[in-house]
Structures are given as structure tokens and as C-alpha cells.
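# Structural overview
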Amino acid sequence: MIIGLHEAAFEPWPLLAEATQAMDTVEREACGAADVFVGTMRAGAGSARVVRLQLEHYPGMTERMLTRIAADTRSRWPIRQLVLVHRVGEVLPGETLIVAAAWSAHRDAAFAACRHLVEAVKHQAPFWKREFRADGTAAWVAANTPARI
Amino acid sequence: MIIGLHEAAFEPWPLLAEATQAMDTVEREACGAADVFVGTMRAGAGSARVVRLQLEHYPGMTERMLTRIAADTRSRWPIRQLVLVHRVGEVLPGETLIVAAAWSAHRDAAFAACRHLVEAVKHQAPFWKREFRADGTAAWVAANTPARI
Amino acid sequence: MITVRFFAGLREQLGRDTLELPATDTCVREVWARATDGAPMPTHLLAAVNLEYADFDASVADGDEVAFFPPVTGGAA
Amino acid sequence: MITVRFFAGLREQLGRDTLELPATDTCVREVWARATDGAPMPTHLLAAVNLEYADFDASVADGDEVAFFPPVTGGAA
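One structure accompanies this document, and this report is about it. What you are looking at is a predicted structure, and each value in this text was computed from that prediction instead of being measured. Residue numbers here run from 1 along each chain, matching the order of that chain's written sequence. Working convention: letters from A go to chains and numbers from 1 go to ligands, in the order in which they are written. The predicted nature of this model means local features are confined to residues of pLDDT at least 70 and side-chain atom pairs, given and counted, to a pLDDT of 80 or more, with totals for whole chains, interfaces and linings taken over all residues. Neither water nor hydrogens contribute to the side-chain values; these are computed over all heavy atoms in the structure.

### Things to note about the relation of the copies chain A and chain B
Superposing the copies works by least squares over the C-alpha atoms of residues that have pLDDT at least 70 in both of them. Mapping chain A onto chain B calls for a rotation angle of 180° and an axial translation of 0.0 Å; the resulting RMSD is 0.0 Å. Seen this way, the second copy is the image of the first under a two-fold rotation axis.

### Observations concerning the pattern of salt bridges
For side chains of opposite charge, pairing can occur when their charged atoms come near one another. Any Lys or Arg side-chain nitrogen located within 4 Å of an Asp or Glu carboxyl oxygen qualifies as a salt bridge. If you walk through the whole model with that rule in mind, you get 30 salt bridges over all chains. Of the charged contacts in the structure, one is a salt bridge between E52 of chain C and R64 of chain B, with a shortest N-O distance of 2.9 Å. Of the two residues, E52 of chain C sits in strand β5 (residues 52-53) while R64 of chain B sits in helix α3 (residues 61-76), which places them in two different chains. To sort residues, take the accessible area from a 1.4 Å probe on protein chains only and compare it with the maximum for the residue type: under 20% means buried, over 50% means exposed, and anything in between is partly exposed. For E52 of chain C, a relative accessible area of 24% translates into the label partly exposed. For R64 of chain B, a relative accessible area of 35% gives the class partly exposed. A salt bridge links D72 of chain B to R76 of chain B, with the nearest nitrogen and oxygen atoms 3.9 Å apart. Of this pair, D72 of chain B and R76 of chain B are both found in helix α3, 4 residues apart, which corresponds to roughly one turn of the helix. One salt-bridge network, held together by shared partners, links R107 and D108 of chain A together with R115 and E119 of chain B. Put simply, DSSP H or I for four residues or longer makes a helix, DSSP E for two residues or longer makes a strand, and each gets a number counted from the N terminus.

### Description of the arrangement of the chains
The interface with the most contacts, out of 5 pairs of chains in contact, is the one formed by chains A and B. A contact between two residues is defined here by any heavy atoms of the two lying within 4.5 Å. There is a clear gap between chain C and chain D: no contact, and 26 Å between their nearest C-alpha atoms.

### Here's the deal with the packing of aromatic side chains
For this analysis, a ring pair means two rings from Phe, Tyr or Trp (six-membered ring only for Trp) whose centres lie within 6.5 Å, classed as stacked if their planes differ by under 30 degrees, edge-to-face if by over 60, and tilted for the remaining angles. Taken as a whole, this structure holds 20 aromatic pairs over all chains when the rule is applied. Between the aromatic rings of F6 of chain D and W32 of chain D, the centroid separation amounts to 6.2 Å while the plane-to-plane angle is 75°, which identifies the pairing as edge-to-face. Pair noted here: F6 of chain D is in strand β1 (residues 2-6) and W32 of chain D is in helix α2 (residues 28-35), with a separation of 26 residues, a long-range link. Classification of F6 of chain D by relative accessible area gives buried; the value is 1%. For the pair Y53 of chain D and F69 of chain D, a centre-to-centre distance of 5.9 Å together with 70° between the ring planes defines the contact as edge-to-face. In this pair, Y53 of chain D sits in strand β5 (residues 52-53) while F69 of chain D sits in strand β7 (residues 65-69), placing the two residues 16 residues apart along the sequence. Taken individually, Y53 of chain D and F69 of chain D each receive the classification buried, so the pair is uniform in this respect. Cation placement over rings: the criterion is NZ of Lys or CZ of Arg within 6 Å of the ring centroid and within 35° of the ring normal. Over the face of the ring belonging to F132 of chain A we find R52 of chain A, whose NZ or CZ atom lies 3.8 Å from the ring centre.

### Overview of the pairing of β7 of chain D
Residues and elements named next belong to chain D. For β7, the tally of buried residues reaches 4 of 5 residues, placing the bulk of the element in the interior. Bridging between β1 and β7 involves 4 bridges; their strand directions are parallel. From the neighbouring strand, F6 faces β7, where its bridge partner is F68. Paired strands are those between which DSSP finds at least two bridges. Judged from the 4 bridges that link them, strand β4 (residues 46-49) and β7 form a sheet pairing that is antiparallel. Residue pairing for β7: L46 is matched across the bridge by F69.

### Some points on the interface of chain A and chain B
Each partner contributes residues to the interface: chain A has 35 residues there, and chain B has 35 residues. Accessible area that two parts lose when put together, evaluated with a 1.4 Å probe and summed over both, is termed the buried area. Here chain A meets chain B over a buried area of about 2800 Å², counting both sides, of which 51% is carbon and sulfur. Inspection of the chain A/chain B interface yields 6 salt bridges. Between E119 of chain A and R107 of chain B there is a salt bridge, with the nearest N and O atoms lying 2.7 Å from each other. Sorting the residues of the side of chain A that touches chain B by element identifies α1 (12-21), α2 (25-30), β2 (33-40) and α4 (107-124) of chain A as the ones contributing at least two each.

### Focus on the pairing of strand β3 (residues 50-57) of chain B
Residues and elements named next belong to chain B. Here β3 lies mainly inside the structure; 6 of its 8 residues are buried. Relative to strand β7 (residues 127-133), β3 is paired through 7 bridges, and the arrangement is antiparallel. For L55, the partnering residue across the bridge sits in β7 and is K129. Of the strand pairs in this sheet, β3 and strand β5 (residues 89-91) are connected by 3 bridges, and their pairing is antiparallel. Residue pairing in the sheet places L55 in a bridge with G89 of β5.

### A word on the sheet that holds β7 of chain B
All names here are of chain B. Taken in spatial order, the 4 strands make up an open sheet running β5-β3-β7-β8, and their pairing is antiparallel. Each edge of the open sheet is held by one strand with a lone partner, namely β5 and β8 (138-140). Across this sheet, the average inter-strand angle for adjacent strands is 20°, counted without regard to direction. As paired elements, β7 and β8 share 3 bridges and run antiparallel to each other. Across the sheet, residue E131 finds its bridge partner in β8, namely A139. Axis angles are defined between N-to-C directions and span 0 to 180 degrees, where every axis is a line fitted to C-alpha atoms and, for a helix, only to the segment in contact.

Nothing here speaks to function; it is all geometry.
Dropping the structure here:
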């Protein structure tokens, strides 16, 4: 299980290769499916183009919530391996914000567990995004939906 | 767009890195989400343990169907990049059978498109699996569900 | 000529891979009957004409390739 | 002592990051009132006690850390 925060830009694919290699042969051959989600920073266009994001979080609570979300996911689906990594700090367009992945015997569990990881982080983990725009303005991103706790 | 058949074992992650790098900066920064599915060969256990798979296909029709499935997926969701690669030939436990991936502005489209790729290949593309078991027997895999054409 | 192809378990059951039939304007069902000496069609049999899925009533002409195969089983677990 | 923390837009609005209140047995709502000099609670305000989400009626004691923050906005688009 790979859970954590990255303070610098990182590539998702080597992390996923690492998670695959971390399984022993029996575990790996018991898996028939992995679903992986990679969220990246969108830039937008024009004067509202976002040139930079600041990703604030609540150190201590964040790690606790990511660990709980992973454990909850494992209790709901038969998961053999799991990745849940989130970026913090200053982020540039195209950089990875989140990697969530679940390995399972069958595709239904892998898809459902991966989707659950992504939604749970979005609604429960204490991260806040502040956008810095091309026109020099900055604003905290408004939540699309009230947090589900 | 990366669509194709692999006759030898391959790793999914470098292929996904390649697909990401193949997008220009504007495309990449327009994407906020990628969903990736990796299907691998399960071995099972005991005398029914599968030691090898033979993946037969219908050359010509297979490529045509994969291309059509990709085009259909792009017509249904706003997809910026897509990967659809399937293994053929002799496959060993743990090896990659299929990689399906979709990049989009938002996560709903990426998840839905990726799932569609996986289901469409399973139900429409002319592949057939034959299992060779530890006890020396071999059998063609029965379809779980009638093909949806 | 009409080319007829069989795949996977069906190829093994029939003990044949490819065969050619003299050209006549016909349909998929009739091609099956001629290619298998009148064997009954298996449940869930699938057919393709020129690399496209086809109904058993689809017409077949000179130069066409007709394939018969069992339900497909590719993709993931 | 009770440690009070504010995050993100809320930290900026209030112009404060962390403060300490004298220990008394109290609740989250009362901690907010004391830490903000009676400012009204924003809509959708969230609170945590000792790194766990908490109701505004949750009790708070000496040594606790109480955090207030707006709805979270991490993850993907």
C-alpha cells in the first residue's frame, strides 16, 4: 500500500510500477484487474487561465484521513494493492494532483474501489486549492458540493 | 491515440507515459483526469491453477473492432487521449492482457469512457481465451454473458 | 469463391480452420449449412461477413469472407 | 490550553492562523465564539477536534486542538 503526500512534482507511472512490483507473485497472480485514476492540474484559457495552484492542507489530519479512506476502501472491496497519493504545495499546469489505484481479482471491485478513493479524497480530506490566474488575481476554489463527512 | 495488439509480454506503465507525452502542452493542460484500466492474467490455485493462456483472435477483424470501439468512445465522451491495447498469443500468469485508458477534462468522462472501452472489448472484440491448467487439461473459456454486438 | 473461417473452440470441434465454397448468391445461414455438411448451428454462434458482425440472414456474394465463432472472451477478469 | 487553528480562505478572512485559549471544559461552538470574538459562523464551516471531524456541539477539553476550515477542495477535476 502506497499512501502519502508529495511536496514536489511527480510522475504517476513509476509509482504504479513500484506498487505492482511491491506485490509478491501470489498476490500479483491473484489480481486480474487494476483501475488507476490520475488527476492533473488544468490550466483553462484566456485571462482566467490558471498559471499556478497553491495546495494547502492540514498536516496530521490529512495523513490520518488518507489512511482512513484507504482502510475503509479495503474493508468494502476485496483489494490486493492500493495507491493513494496527493500533491501539496505549489503546483503548475499539467502536474499530477492525485493518484488513486486499486488492484483486485475482478474489474468491478477495482473500478468501484478506485472511484471511491477519488470521491472520498475530494469530499473528506482537508486540502484547499487556491488559483493564481494569468490576470494577476487569486482566489480560493469554491467547493462544488458541500463536504460529505 | 494508441491502439493495437501486442504479441509479446509488455508493461502497461511505459505505454501510459508515452500516451501522456504524445499530447501537446495545450492538450495535456486541458485534461484534469485520466482513468486507466489494466487487466492481467489470473492464475487461480490448486489443480485448476492456470499455468498458461492462449489468446486467439481474428486478425483484421480485431484491429477493425478496436478502432471502432475507440471511435465510438470518443464520440460519446469528450476524450483528449485514449489507449486501447490488447495482448494476443501465449500469456503467462501476471502478464498484461489489456490496457484501456481515457484522458478528459473531468473525472466523470474519464471513468465512464475507460469503463466503456473495457466492456466493449470484452463483449465485442473477437478474442478467445484457452486455459492450460496445472493438471494438464485445457479448455476454452466460456463467455460469462452472451456477446453484445 | 466464398472463404469460410472457423475460430477457437468451434474450429476444434469441426476440425477445420478455413475452406472455400464455390460462389453463389447466398446467405450466412446457407454458408454454414454448406460448410458444415448441415450441422446444427450451436447456441450463441456468432458470424461475421468481411470482418463485420452479421446476422444469419445477411447476404453473401462472390469474394466474401464469412467467419463463424463462439462468444468472445477477451479482455479482463 | 486549547489550540485553535484556521485554514485556507478562513485563515485569510480572520487574519489569524493559530491561537491558544485558556483551558475550560467547553464545546466547538464556544471555541469558535471565543477565538473569533463572537463572529458569526460561516455557512458550510467545518470543524475538527484533535484531527477528526467534529460537530459544533462536540466537547473540548484542556490540551485539545480545534481546527476550523471551509469545505475541502482537494482531488481531481
